[in-house]
Amino acid sequence: MSTLSPTPADRTELRARFRDLLAAEWTKFWSLRSIPWVLGLSAIAIVAADLKSAQYTRDHYTPGDGDPLVMAQVALGGAFDLTAADILMLVGGGIGAIVIAGEYATGLIRTTLAAVPDRRAVLLAKACVLTAVMLGFGVLTVGVSFGGSQAILSGVGIGQSVTDPMALRYVAAAVLFGPVCALTGLGLGTLLRHGAGAVVGTVVVLFFVPSIVTERYRWSADLLHALPLPAWQRLARTSLAGLRPSEYPATVAGAWITYAVWAVASVAVAAAVAHRRDH
C-alpha cells in the first residue's frame, strides 16, 4: 500500500507549526521566575571566579619564567577555570532537568501534549530553546571572562588572543559545555520525571562519576573520556606538559565526539522515552 509524500504546502505548514511551538516553549521557559536569577547570579560568579584567577596569576607571574606553551595554558586557565566549569555544569544540567521535570511535576505537560500530541516535536522544541539559551549564556559569560582575564594578563606579556587556534578551541569548548550539560539534564529529567531526582541524577552523572573514575585501566579510561567534564578538560588543555603520563590519554577528536554524542543521544533518548511511555 503506497503512502503519499508531503506536499510543499504540507511542509510549509509543518514548519509554521514548529515555529509556533518554539515560540510557546520560549515563553514557557522564561515564565519560570527562578531562571533569570539563576543565570544572572551564576554569570556573575563565573566571571568573578575567572577574573580572580587571572589576577592571582598576574600577581605571581615572573616575566620570562617558564615554557611559553605552559604559560599560554596558564593564561587560558584564567579565562575559564575548573570552578567556572563546575558552576556552568551544575547550572546548565539543573536547568535542563527542571525544564521538563517541572512540567511533569505540576501537570503542565498534560496541557502541552493536549495542544501538541506529537511528543517528539515538543521535546525537540524544548531542546532547541534550551540549547539557544545556554549557548547565548556561554557566549556572554565566556566572552566577558576571556576578554577581562586576558586584558589583566597582557600586563605581564602572556595574554592570549582569541584568534590563536588554541585559544579559539579553548573558548569554543567552554561555550559549548553549557548546552551539552543542559541537554544531558533534559534527558535525565525526561527519564525520571521528578524535579529533585532529576537534578540529583544530573549532578551524579556530570559531577560525581568523573571524580571516582580513573585512567588506570583501559575500560575505566574509556569511561572517563566518554564523560562531558573530562572531555571539556581535554579540550581545555593546550599543552600536556606537566600532566602525569597516562597509558590511555584522551584525544581532542574524542573529546569533540563526546560532546556531540551526549547532546544528540540525550535528546534522542528523551524523545523516544516520552513517545513510548505516554502511549
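Residues numbered from 1 in each chain as written. Predicted model: local features only at pLDDT ≥ 70, side-chain atom pairs only at ≥ 80, totals over all residues. Heavy atoms only, no water.

## Focus on the overall build of the protein chain
In step 1: On a plain count of helices and strands, the protein chain comes out with eleven helices and zero strands.
In step 2: Mapped in sequence order, the helices and strands of the protein chain form the string α-α-α-α-α-α-α-α-α-α-α.
In step 3: A total of 279 residues make up the protein chain; the buried ones form 44% of that total.
In step 4: Sequence separation of 24 or more characterises 81% of the internal contacts of the protein chain that already satisfy a separation of 6 or more. (Helix = DSSP H or I, 4+ residues; strand = E, 2+ residues; numbered from the N terminus. Buried < 20%, exposed > 50% of the residue type's maximum accessible area, 1.4 Å probe, protein only. Contact = heavy atoms within 4.5 Å.)

## Remarks on the side chain of Glu25
In step 1: Position of Glu25 relative to the elements: it lies in helix H1 (residues 8–31).
In step 2: Residue Glu25 is classed as buried on the basis of its relative accessible area of 4%.
In step 3: Once residues lying within four places of it in the same chain are set aside, the contact partners of Glu25 are Glu103, Thr112, Val122, Ala125, Lys126 and Val129.

## Regarding the pattern of salt bridges
In step 1: Per the stated rule, a full pass over the model turns up five salt bridges.
In step 2: With a shortest N-O distance of 2.9 Å, Lys126 and Glu25 are connected by a salt bridge. Highlighted residues: Lys126 in helix H6 (residues 119–153) and Glu25 in helix H1, separated in sequence by 101 residues.
In step 3: Note that Lys28 is salt-bridged to Glu103, the shortest N-O span being 3.4 Å. Here Lys28 is found in helix H1, whereas its partner Glu103 is found in helix H4 (residues 82–106), with 75 residues between them in sequence. The same class applies to Lys28 and to Glu103, which are both buried.
In step 4: Ionic contacts of the salt-bridge type, sharing partners, join the residues Glu25, Lys28, Glu103 and Lys126 into one network. (Salt bridge = Lys/Arg side-chain N within 4 Å of Asp/Glu carboxyl O.)

## A look at helix H7 (residues 165–192)
In step 1: The end-to-end C-alpha distance of H7, which contains 28 residues, comes to 40 Å, matching closely the 40 Å that a straight helix rising 1.5 Å per residue would cover.
In step 2: Along its length, H7 reaches its greatest deviation from straightness, about 30°, at Leu176, and the proline Pro179 lies no more than four positions downstream.
In step 3: For H7, the tally of buried residues reaches 21 of 28 residues, placing the bulk of the element in the interior.
In step 4: The distance from a side-chain oxygen at the start of H7 to the backbone nitrogen of Met166 is 3.0 Å, and the residue carrying that oxygen is Asp164. (Expected span 1.5 Å × (residues − 1). Bend = angle between axes of the 7 residues up to and from the residue. Polar contact = N/O pair within 3.5 Å; in protein donor to acceptor, adjacent residues only side chain to side chain.)

## Overview of the packing of H7 against helix H10 (residues 228–235)
In step 1: As a packed pair, H7 and H10 sit with axes 9 Å apart at the nearest point and diverge in direction by 165°. Put simply, H7 runs roughly antiparallel to H10. Like other packed secondary-structure pairs, H7 and H10 cross with a definite hand, here left-handed. Along its contact with H7, which presents Arg169, Ala173, Ala174, Phe177 and Val180, the element H10 presents Pro228, Leu229, Trp232, Arg234 and Leu235.
In step 2: Tallied by class, the residues present in the contact of H7 with H10 amount to eight nonpolar, no polar and two charged. (Axes fitted to C-alpha atoms, helices over the stretch in contact; angles between N-to-C directions. Parallel < 35°, antiparallel > 145°, perpendicular 65-115°, else oblique. Left-handed = near helix turned anticlockwise from the far one by under 90°. Nonpolar A, V, L, I, M, F, W, Y, C, P; charged D, E, K, R; others polar.)

## Here we look at unusual backbone geometry
In step 1: Located in the positive-phi region is Arg193, a residue other than glycine, with phi close to 60°.
In step 2: Tracing the backbone through its elements, the reader meets Arg193 in the loop between H7 and helix H8 (195–212).

## Quick notes on the packing of aromatic side chains
In step 1: Overall, the coordinates contain six aromatic pairs when judged by the stated rule.
In step 2: Note on Phe177 and Tyr259: the rings are 6.4 Å apart at their centroids and 25° apart in plane angle, and the pair reads as stacked. Linking Phe177 in helix H7 with Tyr259 in helix H11 (residues 252–277), this pair joins segments that are 82 residues apart in sequence. The pair formed by Phe177 and Tyr259 is uniform in burial state, with each residue classed as buried.
In step 3: Ring geometry for Trp256 against Tyr259: centres 5.7 Å apart, planes inclined by 85°, an arrangement best described as edge-to-face. Residue Trp256 and its partner Tyr259 are located together in helix H11, separated by three residues, close to a single helical turn.
In step 4: Feature note: the residues Phe80, Phe177, Trp232, Trp256 and Tyr259 constitute an aromatic cluster, connected by ring pairs. (Phe/Tyr/Trp six-rings, centres within 6.5 Å; stacked < 30°, edge-to-face > 60°.)

## Re the nonpolar core
In step 1: Core analysis: the biggest nonpolar cluster contains 56 residues, and Phe80, Leu130, Phe177 and Trp232 have the highest contact counts within it.
In step 2: Mapped onto this core, the elements with two or more residues apiece are helix H2 (34–60), H4, helix H5 (108–115), H6, H7, H10 and H11.
In step 3: Looking at which element gives the most residues to this core, the answer is H7, with twelve residues.
In step 4: Membership of the second largest hydrophobic core comes to eight residues, among which are Ala54, Tyr61, Met71 and Val156. (Core = buried A, V, L, I, M, F, W, Y, C linked by side-chain atoms within 4.5 Å.)

## Some points on the environment of Ser149
In step 1: Along the chain, Ser149 turns up in helix H6.
In step 2: For Ser149, a relative accessible area of 0% gives the class buried.
In step 3: Separated by 91 residues in the primary sequence, Ser149 and Arg58 have C-alpha atoms spaced 9.6 Å apart.
In step 4: Those residues in contact with Ser149 that sit more than four places away from it in its chain are Asp50, Leu51, Ala54, Gly78 and Ala79.

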